[in-house]
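Breakdown of the fold
So the chains spell out like this:
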Amino acid sequence: MQIGDWGHLFVIISFFSSLVAAFSYYKNVSCDSEDLGSKKSWKRFARIWFGIHALSVLGIIAALFFIIYNHRYEYHYAWSHSSNHLPVQYMISCFWEGQEGSFLLWIFWHVVLGGVILFTNKEWESSVMAVFCAVQAFLASMIIGVVFPFIDLKLGSSPFMLLKETMPDLPVYNINPNFIPEDGNGLNPLLQNYWMVIHPPTLFLGFATTLVPFAFVIAGLWQRKYKEWIRPALPWALFSAMILGTGILMGGYWAYETLNFGGYWNWDPVENAVYVPWLILVASIHTMIIYRNNSTALKTSMILVMASFLLILYSTFLTRSGILGESSVHSFTDLGLSGQLLVYFLSFIVLAIALLWFRWKEIPTSEKEASMYSREFWIFIGVTILSLAAFQVIATTSIPVYNAIAKGLGLELKLAPPVNQELHYSNWQVWFAIGIAFLSGIGQFFWWTKMTGKQLWDKLFIPVLLSLLLATLIILLGGLTKDVKPEDFPIYRRVSYILLLTTAIFSIVSNVTIFISVVKNNIKLTGGAIAHIGVAMMLIGILFSSGYTETISMNQSGLLYSKEFPDEVNTENVLLFRMTPEKMGNKYQLTYKGPRIEAKGFPGYVNKDSIYPTNDLYKVITRRELKKGDKTYFKKGDTLEVNPENTYYEVLYKNKDGKEFVLYPRLQKNPRMGSIPSPDIKRFWDRDLYSHLSAVPVNAEEREWSEPQAQVLHLKDTAFVNDYIAVLDDVERIEAIPGAVIKKEDIALRAHIHIFGPNGVSYSMHPIYVIMVSEGNVIGYVPETLEDLGIKVTFKELNPDKEAFTFEFSSAQRDYIILKAIEKPMINVLWIGTVLLVLGLFIAILRRYNEFAKMRDKAA
């Protein structure tokens, strides 16, 4: 059997073993409680089959990684997502780039979480694991890749399909049925980033963790344990919120570092589809805590916990069914799984609604009315705002779904997503954020004590006063009331920004007050305050870094760079010629130093002018010694391994005080996706300077050179080339030519030409003239190009009678880049806030798990 056959066998085993385990756990729960022998037997049987399922999942992972790592391009998955020169860490990213691999990652995390439940919660094991294993069966069916021929039904898409099975019509198979490609299609260049090694596993762990509280609420309804499920589910809900939130934030930071739209959140439909379940999950945590403290909001908690998991399934459907079409950069191509995904989604919706329907009247309710001065009242208001924020986002994101449903019914809606979706969502969400910031501040005071209206005012007076003073100070000094055109910054937006800043500061002050009063008694009680401070800081960071981003690379030359460029490129970018200093506004002077490349074994970047290309794109030869400091890493003529896709453009920044720093914005040229720019970022304590390329010259082979001009030179003669002075210093015979093979009898001459460039900078050029005596005196040329000045020199002839040499000089557009630079103020406040949010949730997890563990051990 081939490795792919083993992998497919493991998929089949994982599917059927999950079904058997689900049925066995179901039988264990359904057995008469007095029939202890049968219950024990079914549980033992279920555990065995879950163990088989876990081992088969590990087998699938091992088989698929073996195929990718060993470049087995006869398999479609390896050919589609990998290539020969991909580093190992990005081979890991290949694993989950495709739909099948990402489903497998999701399945793996469920196996891990199921194992944790087996060892930590024996009481709920059977009912919870029955739900777990049922979900696993659905997920395993997504990668089983079985076709039922008589009914033309495809179940799943296997990652172990051969290339000739998925693409049988390739002409090459008519010539060679056993054809195997020499190289793969490669990994999406946007995913060739270290964040893409850790972000997807974290995000899918977040997806997987939403199943745990969902399984507990289903188990509670199933076994009529309407109250008991809250205690074990709450730590898992907190853990899920922490992991899913961390995954979302990692994705935002990846976008900030890798993409060039100048932000971290673009309100993309797939971003929205993950953000919404997180909002609902956070809302469910608050209602679960209400129930723990006051025995109210039980039904609400059930609905919200169910909704968070079901919304994860809905986001999966949106992402993978192809329904989003071109409206999302994140969506997968449709592999024909849309119907299967819909069945998966609807099955669990029906299960959840049916259980709620049949148990609704039995679920305990509280007759207490929430006072306006009670914590329950304010938390319900907060939960309502979180739910409305989620509804607004998902309602707009689902526009393609509405169109598809209407089309299925024979109607045509022609609804279109917002033209400016960033502005659309932001204008709505800012008001929800104001409400959340205000409530996360005021709610904390109710959380710890019961109070009257007067007591509330006494508690709030100092925080409110201090918040207003701080907000006023920041508004006046921070530019929130800056004078801009009303159409660019309308009054309603200014008002919303001022309110958001004020309420976020109020939340920070209030929660710091609570933190100080609580930490003295028990640090485990500070999780909520720390998390709320983190959220408020995130809102302030988002407000300033998104609302007050400033483009500092405005075109002040009065030149139109190109009629083919968009207006934004012509007006908001600076043109930099190589080695020519250029002022950027009144803050910086920029000097473009030239393109650089990464080389294996060399720290930092290598100047492209210091290397010769070879026939192998991934290997180059050094023109000169490569040194870093006092250490020589490579000698002249050494061979280097490089990644030809990535070019880094060195830009020297010099501020008004003379301080300098260097940025390296990147351009990745990929056969699949063309040229993809990525930014480089200089971080200051109060802002980020974010720079990315908007345009670079065409490839060297596409450049238009002037007609060559021949000049006959003697040693030490001078010539004028493209307005620069050139001096022929020397001509020497050489024994070897980098990147070429010459024989002993062949004659190779190398000229040394000195070019005096602008600003006192001088250059050396070394064109080569070859007489191939071994080939019958065939003449060859190795011209040299000086990108800084746009000059190409060819050593054309020997003139022994005159003791002179003929050179041809051509000129072209000098090397340049067009660069955009923007400042993002206070963005570090956002990143600090994310750390505090995660820390606060972690502290809350420890507290709630300790409470659960004490009750569990006491019951045992």
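Further up the page is the structure itself.
Predicted model, so just to flag it, every value in this text is computed and none were measured. (Residues numbered from 1 in each chain as written. Predicted model: local features only at pLDDT ≥ 70, side-chain atom pairs only at ≥ 80, totals over all residues. Heavy atoms only, no water.)

What to know about the overall build of the chain
Assigned secondary structure in the chain consists of 22 helices and 29 strands. Once the C-alpha set of the chain is aligned to its principal axes, its extents read approximately 115 × 75 × 60 Å. In the chain, buried positions account for 51% of the 860 residues. Within the chain, contacts between residues at least 6 apart in sequence are counted, and of these 68% link residues at least 24 apart. For the chain, the accessible area works out to roughly 40,800 Å², and carbon and sulfur atoms hold 61% of it. Treating the 74 positive side-chain charges of the chain as one cloud and the 74 negative ones as another, the clouds have centres 12 Å apart. (Helix = DSSP H or I, 4+ residues; strand = E, 2+ residues; numbered from the N terminus. Buried < 20%, exposed > 50% of the residue type's maximum accessible area, 1.4 Å probe, protein only. Contact = heavy atoms within 4.5 Å. Areas by Shrake-Rupley, 256 points an atom, 1.4 Å probe, with all protein chains shown as cover. Lys, Arg positive; Asp, Glu negative; His and termini not counted. Charge placed at Lys NZ, Arg CZ, Asp CG, Glu CD.)

Considerations on the pairing of strand β9 (residues 619-622)
For strand β8 (residues 611-613) and β9, the ladder comprises three bridges, and the chain directions are antiparallel. Bridging from a neighbouring strand, Tyr612 pairs with Ile621 of β9. Counted between consecutive antiparallel strands, the loop separating β8 from β9 contains five residues. Inspection of the sheet shows β9 paired to strand β12 (residues 639-641) by three bridges, in the antiparallel sense. The partner of Lys619 across the bridge, within β12, is Glu641. (Pairing = 2+ DSSP bridges.)

Concerning the sheet that holds β9
On the basis of which strands lie adjacent, the open sheet formed by three strands has the order β8-β9-β12 and antiparallel pairing. Bordering the open sheet on either side are β8 and β12, each of which pairs with just one other strand. Pairwise comparison of adjacent strand axes, ignoring direction, gives a mean angle of 40 degrees for this sheet. (Axes fitted to C-alpha atoms, helices over the stretch in contact; angles between N-to-C directions.)

So, helix α6 (residues 125-141)
Given a rise of 1.5 Å per residue, 17 residues ought to cover 24 Å, and the 24 Å separating the end C-alpha atoms of α6 matches this to within 8%. Counting buried residues along α6, 15 of its 17 residues qualify, which places the element largely inside the surrounding structure. (Expected span 1.5 Å × (residues − 1).)

Thoughts on the sheet that holds strand β27 (residues 791-799)
Strand pairs in the sheet, formed through backbone hydrogen bonds, run parallel or antiparallel to each other. The strand order across the open sheet built from four strands is β19-β28-β27-β26, with neighbouring strands paired in antiparallel fashion. Bordering the open sheet on either side are β19 (709-713) and β26 (784-786), each of which pairs with just one other strand. Strand-to-strand twist across the sheet, computed as the mean angle between neighbouring axes with direction ignored, equals 30 degrees.

Quick word on a nonpolar patch on the surface
Taken together, the side chains of Trp457, Phe461, Ile462, Leu465 and Leu469 define a hydrophobic patch exposed on the protein surface, amounting to about 550 Å² of accessible area. With respect to the secondary-structure elements, Trp457 resides in helix α18 (residues 453-478). (Patch = residues over 30% accessible without salt bridge, like charges linked within 9 Å, V, L, I, M, F, W, Y side chains within 5 Å. Salt bridge = Lys/Arg side-chain N within 4 Å of Asp/Glu carboxyl O.)

Let's talk about the nonpolar core
One finds Trp106, Phe132, Phe214, Trp229 and Met302 to be the most contacted residues of the largest nonpolar core, which totals 162 residues. Aside from chain neighbours lying at most four places away, what touches Trp229 is Trp124, Phe216, Val217, Gly220, Met288, Leu298, Ser301, Met302 and Val305. Ranked by size, the runner-up nonpolar core spans 23 residues in total, among them Ala751, Ile753, Leu789 and Val793. (Core = buried A, V, L, I, M, F, W, Y, C linked by side-chain atoms within 4.5 Å.)

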